Amino acid sequence: MEKRALITGAAGGLGKAMTLACARRGYDLYLTDLDAVRLARFADGVRRQFPVTVDSHACDLSDPGAIDGLWADVTARDIRFNLLVNVAGLDFEGRFVDIDAGRLNHIVRLNVESVISMTRAVLMSRIPGQRLHIINVSSLAAFNPMPVKAVYAASKRFLLDFSLAIGQELKGENVRVLALCPAGLPTNAACIRGIKAQGLAGRITTMDINAVARRCLSRALAGRRVYVPGLVNQIVRLVSGLLPRRLVARLIHRRWVSARAAGHSSAT
């Protein structure tokens, strides 16, 4: 049976890693990203490296009209997917009251609304009964309230709960949903600076992005529901879950205030 994957944010760090992991497993690919030039170059490189079909369509997933255009292209090509990887997302640090309302709304549109739209569209277009795997990129931040990253963490909590909920709903319809919950990933220069600013805590929770992608795909195909990469991150998740959430928020706030004082800021 033909295997075809739709990957959002495909020209970014984790998106590239997930694309390559899928290509190595023989998936034909439909890639989308905001940056049309970078996407076209990456798609061409994947075509040269792997014997798979690679289609691409640049799209601003925070724009519902652009998503409609993407699905018009998918429909015109008569493409069906059996793997969806929702990678595209936006992060921004700063005190809630200091962040422009437009930027906050953009985070919600991209991190939450676009995932809902893409997931529903894939589900509605699939062949009934055909196996479908969905990977939603959440975060270790989803397990705790995150001062200084409040909207980002809340959006990732949504993705975690959303993934678990629809995974249960659709289990009997041959659909499997996994929430990927990584900590630090060196996806771009800003992320690398942020990891360094956190010192030892940042270094020991950071994972190799290609290894995360390979293991995530393996776990998704095996029907796993949640994947937290790395033993240290799994321990952090378990320990923080034993503490009062108010205390966790206080500790996280102290950590990020220290990081910001060292000059750490990022947008991904």
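Everything that follows concerns the structure shown earlier in this document.
In what follows, the accompanying structure is described. (Residues numbered from 1 in each chain as written. Predicted model: local features only at pLDDT ≥ 70, side-chain atom pairs only at ≥ 80, totals over all residues. Heavy atoms only, no water.)

Describing the pairing of strand β5 (residues 132-137)
Note the cut-off: The rule is simple: take the accessible area with a 1.4 Å probe, protein chains only, and divide by the maximum for that residue type; under 20% is buried, over 50% is exposed, in between is partly exposed. Under the scheme used here, helices are H or I runs from DSSP no shorter than 4 residues and strands are E runs no shorter than 2 residues, and both carry numbers assigned from the N terminus. Throughout, right-handed denotes a crossover for which the path from the first strand over the helix to the second runs clockwise when the strands point away from the viewer. If DSSP finds at least two bridges between two strands, the strands pair.
Most of β5 is tucked away, with six of its six residues classed as buried. Burial along β5 is two-sided: Leu132, Ile134 and Asn136 facing one way and His133, Ile135 and Val137 facing the other are all buried. Traced from strand β4 (residues 83-86) through helix α4 (residues 101-125) to β5, the parallel crossover comes out right-handed. Strand direction decides the pairing type here: β5 and strand β6 (residues 175-180), joined by six bridges, are parallel. Looking at the pairing, Val137 lines up with Leu180 of β6.

Points about helix α3 (residues 64-77)
What sets the pattern is the α-helix's 3.6 residues per turn: residues three or four places apart point alike. Put simply, the test is: To estimate the expected span of a helix, subtract one from its residue number and multiply by 1.5 Å. Working note: the arc is built from the helix axis to C-beta atom directions. In this analysis, two residues are considered to be in contact whenever any of their non-hydrogen atoms come within 4.5 Å of each other. Pairs of N or O atoms within 3.5 Å make up the polar contacts considered here, provided that, within protein, one atom can donate a hydrogen while the other can accept it, and that residues adjacent in sequence are counted only when both atoms are side-chain atoms.
For α3, spanning 14 residues, the distance from its first C-alpha to its last is 20 Å, which sits close to the expected 20 Å at 1.5 Å a residue. Taken together, the buried positions of α3 are occupied by Ile67, Leu70, Trp71, Asp73 and Val74. Taken around the axis of α3, the buried residues stretch over an arc of 150°, which confines them to a single face. In this structure, α3 carries Asp68, Thr75 and Ala76 as exposed residues pointing more than 90 degrees from its buried face. Summarising the contacts, the buried residues of α3 are in contact with β1 (4-8), β2 (28-32) and α4. Where α3 begins, the capping side chain belongs to Asp63, and its oxygen is found 2.9 Å from the backbone nitrogen of Gly65.

Some thoughts on the environment of Asp63
Mapping Asp63 onto the fold places it in the loop between β3 (54-56) and α3. Taking the C-alpha atoms as reference points, Asp63 and Ser114, 51 residues apart in sequence, are found 8.2 Å from one another.

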